[in-house]
Amino acid sequence: MSRQARIDPVIDADDLNETVTGWLVIDETVPENEVVVSEHTSKKEAIQAAEALEQRED
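Residues numbered from 1 in each chain as written. Predicted model: local features only at pLDDT ≥ 70, side-chain atom pairs only at ≥ 80, totals over all residues. Heavy atoms only, no water.

**Student:** Mind laying out the nonpolar core, listing which residues take part and the relevant values?
**Tutor:** Considering soluble globular proteins, one finds that nonpolar side chains tend to be buried as a cluster. In this structure, Ala5, Trp23, Val25, Ala46, Ala50 and Leu53 together form the largest nonpolar core, which totals six residues. Only β2 (18–27) and α1 (43–55) provide two or more residues apiece to this core. With three residues, the top contributor of residues to this core is α1. Excluding residues that lie within four positions of it along the chain, Leu53 makes contacts with Arg3, Ala5, Val25, Asp27 and Val37. (Core = buried A, V, L, I, M, F, W, Y, C linked by side-chain atoms within 4.5 Å. Buried < 20%, exposed > 50% of the residue type's maximum accessible area, 1.4 Å probe, protein only. Helix = DSSP H or I, 4+ residues; strand = E, 2+ residues; numbered from the N terminus. Contact = heavy atoms within 4.5 Å.)

In structure tokens:
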């Protein structure tokens, strides 16, 4: 089965400001059982981790 991953921002929100403080890589291979597999400080790192997850064969 091929894996499917996505990245989501981690947002710190206060009154009027929203700041992205990190990025989550989420394994959404089984949509009803999504799993956060890693957290990253940059979007680039998160994209690379998501791509690596999708390439992995278990």
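**Student:** Summarise the side chain of His40; cite the residues concerned and give the values.
**Tutor:** Counting through the fold element by element, His40 comes out in strand β3 (residues 35–40). Within polar-contact distance, the side chain of His40 engages the side chain of Ser38 at 2.8 Å. Residue contacts for His40: discarding those within four places in its chain leaves Gly22, Trp23, Val25, Glu45, Ala46 and Ala49. (Polar contact = N/O pair within 3.5 Å; in protein donor to acceptor, adjacent residues only side chain to side chain.)

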